[in-house]
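Descriptive analysis of the structure
Chain residues, written in single-letter form:
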Amino acid sequence: LRMLQGRAPAAREITALDAYLVTASDHGMNASTFTARVVASTGLSLYDAVIAGLAALKGPKHGGAGVLASQLVKTLVDRDVE
């Protein structure tokens with residue numbers, strides 16, 4: 001972080017980077033994460049990177065985690081409505 005920013009990192013920046021590295025090592029990099037990171041590295045906005053990552057979720061080879069998660073959320077929402 002010091003090399004990227006030219007200053008000592010704040011405690012919250014260190015914590016955020018640690019959390020990211022743990023997540024990345026636990027889960028690897030899937031298509032949507034890769035896509036969002038590539039788009040962000042081109043200098044586009046955070047919004048553009050998130051949209052690109054979401055678009056990559058639609059692909060049939062993503063693994064289906066997004067589909068299962070959305071089904072779970074719908075089930076929980078439906079339960080609260082009834």
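This text follows the structure it describes.
Computed from a predicted structure; not experimentally measured.

Some words on the overall build of the protein chain
A count of helices and strands for the protein chain gives five helices and zero strands. For the protein chain, buried positions account for 11% of its 82 residues.

Topic: the packing of helix α3 (residues 31-41) against helix α4 (residues 46-57)
Viewed as axis vectors pointing N to C, α3 and α4 meet at an angle of 155 degrees, and their least axial separation amounts to 8 Å. In this view, α3 runs roughly antiparallel relative to α4, as classed from their interaxial angle. The way α3 lies across α4 gives a crossing that is right-handed. Along its contact with α3, which presents Ala31, Ser32, Thr35, Ala36, Val39 and Ala40, the element α4 presents Asp48, Ala49, Ala52, Gly53, Ala56 and Leu57. Class assignment of the residues belonging to the contact of α3 with α4 gives a composition of eight nonpolar, three polar and one charged.

Re α4
With twelve residues, α4 extends 17 Å between its outermost C-alpha atoms, agreeing within 8% with the 16 Å of an ideal straight helix rising 1.5 Å per residue. Considered for burial, the residues of α4 that qualify are Ala49, Ala52, Gly53 and Ala56. Viewed end-on, α4 has its buried residues packed into an arc of 100 degrees, placing them on one side of the element. Of the exposed residues in α4, those oriented more than 90 degrees away from the buried face are Tyr47, Ile51, Leu54 and Ala55. Elements in contact with the buried residues of α4: α3.

A few points about the environment of isoleucine 51
Along the chain, isoleucine 51 falls in helix α4. Spatially, the C-alpha atom of isoleucine 51 lies 9.7 Å from that of serine 32, the residues being 19 residues apart in sequence.

Some remarks on α3
Regarding α3, the residues found buried are Ser32, Ala36 and Val39. In an axial view of α3, the angular spread of the buried residues amounts to 65 degrees, which keeps them on one side of the axis. Next to the buried residues of α3 lie α4. Immediately beyond the C-terminal end of α3, within one or two residues, lies glycine 43, with a positive phi of roughly 95 degrees.

A closer look at a nonpolar patch on the surface
Among the surface-exposed residues, Leu1, Leu4, Ile14, Leu17, Tyr20 and Leu21 lie close enough to one another that they form a single nonpolar patch of about 530 Å² accessible area. Tallying contributions element by element places helix α2 (residues 11-27) first for the nonpolar patch, with four residues. Here leucine 4 is to be found in helix α1 (residues 2-5). Overall, leucine 4 belongs to the exposed group, its relative accessible area being 75%.

Scoring rules and cut-offs
Residues numbered from 1 in each chain as written. Predicted model: local features only at pLDDT ≥ 70, side-chain atom pairs only at ≥ 80, totals over all residues. Heavy atoms only, no water. Helix = DSSP H or I, 4+ residues; strand = E, 2+ residues; numbered from the N terminus. Buried < 20%, exposed > 50% of the residue type's maximum accessible area, 1.4 Å probe, protein only. Axes fitted to C-alpha atoms, helices over the stretch in contact; angles between N-to-C directions. Parallel < 35°, antiparallel > 145°, perpendicular 65-115°, else oblique. Left-handed = near helix turned anticlockwise from the far one by under 90°. Contact = heavy atoms within 4.5 Å. Nonpolar A, V, L, I, M, F, W, Y, C, P; charged D, E, K, R; others polar. Expected span 1.5 Å × (residues − 1). Arc of directions from axis to C-beta. Patch = residues over 30% accessible without salt bridge, like charges linked within 9 Å, V, L, I, M, F, W, Y side chains within 5 Å. Areas by Shrake-Rupley, 256 points an atom, 1.4 Å probe, with all protein chains shown as cover. Salt bridge = Lys/Arg side-chain N within 4 Å of Asp/Glu carboxyl O.

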